[in-house]
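# Overview (structure and organization)
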Amino acid sequence: MLCQECEKKPATLHFTKIVNGEKTEFHICEACARERGEGIPGTANGFSIHSLLSGLLDFEQANAMNGIGANAQQQLRCDNCGLTYTQFSKMGRFGCSNCYVQFGNKLDPILKRVHGNTTHVGKIPKRAGEQIQARREIEALRRDLQTRIEQEDFEDAAQIRDRIRELERNSADAKERHG
């Protein structure tokens, strides 16, 4: 998608503004965003993704510093590359793949705040889509089944159990056909 302002560079910033209940979407490049004076509150230069991530991490860090465990957070360090959590919060990127594991428990709250969830539920590839959809439906039905059993609603639980078995059979049949 090209920038809506200059129509030359790729749009790297996508905004949705809601003013007085009216929704407006902007798709612009970083240069045009700076020219327009659009900014993300709390960032020094307005539009650095690293600054945005760093701001989120600093927000979490400030909250942690006010409470117990501030020293432990300052000492948190990747065993593989030696990157500290403080360095990560300033740079906005990891030093190696092990950082994801090392800082994992700190990432969930950030991801939840940014994306609204910690589980990816985006688009599904068409080739694997049926199997993924079936797996998700089975997982949801199993949770529902457990709830029905706890509520001693055995008739509905039996129907749900039968639906799970049907989906599992269909999924197994599809696997045999495709591979």
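Residues numbered from 1 in each chain as written. Predicted model: local features only at pLDDT ≥ 70, side-chain atom pairs only at ≥ 80, totals over all residues. Heavy atoms only, no water.

### Section: the pairing of strand S1 (residues 13–19)
A regular strand places its side chains so that they alternate between the two faces of the sheet. For the record, the criterion: Strands were regarded as paired on the criterion that DSSP finds at least two bridges between them. Numbered from the N terminus, helices here are DSSP runs of H or I no shorter than four residues, and strands are runs of E no shorter than two.
Relative to strand S2 (residues 22–28), S1 runs antiparallel, the two sharing seven bridges. Bridge assignment links valine 19 to a residue of S2, and that residue is glutamate 22. In this structure, the hairpin formed by S1 and S2 is closed by a connection of two residues, where asparagine 20 is found at a positive phi of approximately 50 degrees.

### Details of unusual backbone geometry
Here is the rule: Relative accessibility under 20% of the residue-type maximum defines a buried residue, over 50% an exposed one, and the middle range a partly exposed one, all with a 1.4 Å probe and only protein chains included.
Phi is positive for glutamate 7, which is not a glycine, with a value near 55 degrees. Mapped onto the secondary structure, glutamate 7 falls in the segment before S1. Under the relative-accessibility criterion, glutamate 7 is labelled exposed at 58%. Backbone geometry places glutamate 152, a non-glycine residue, at a positive phi of 60 degrees. Mapped onto the elements, glutamate 152 comes out in the loop between helix H7 (126–150) and helix H8 (154–178). Residue glutamate 152 is classed as exposed on the basis of its relative accessible area, which comes to 59%.

### Observations regarding the packing of aromatic side chains
Rules: Any two rings among Phe, Tyr and Trp, with Trp reduced to its six-membered ring, count as a pair given centres within 6.5 Å; such a pair is stacked if its planes are under 30 degrees apart, edge-to-face if over 60, and tilted if neither.
This model, assessed by the stated rule, comprises three aromatic pairs. Between tyrosine 85 and phenylalanine 103, the ring centres sit 5.6 Å apart and the planes meet at 70 degrees, which makes this aromatic pair edge-to-face. Within this pair, whereas tyrosine 85 is found in helix H4 (residues 85–91), its partner phenylalanine 103 is found in the loop between helix H5 (98–102) and helix H6 (104–115), the two being separated by 18 residues in sequence. Look at tyrosine 85 and you get buried, because its relative accessible area is 0%. Among the aromatic side chains, those forming a connected cluster through ring pairs are Tyr85, Phe94, Tyr100 and Phe103.

Structural measurements only, silent on function.
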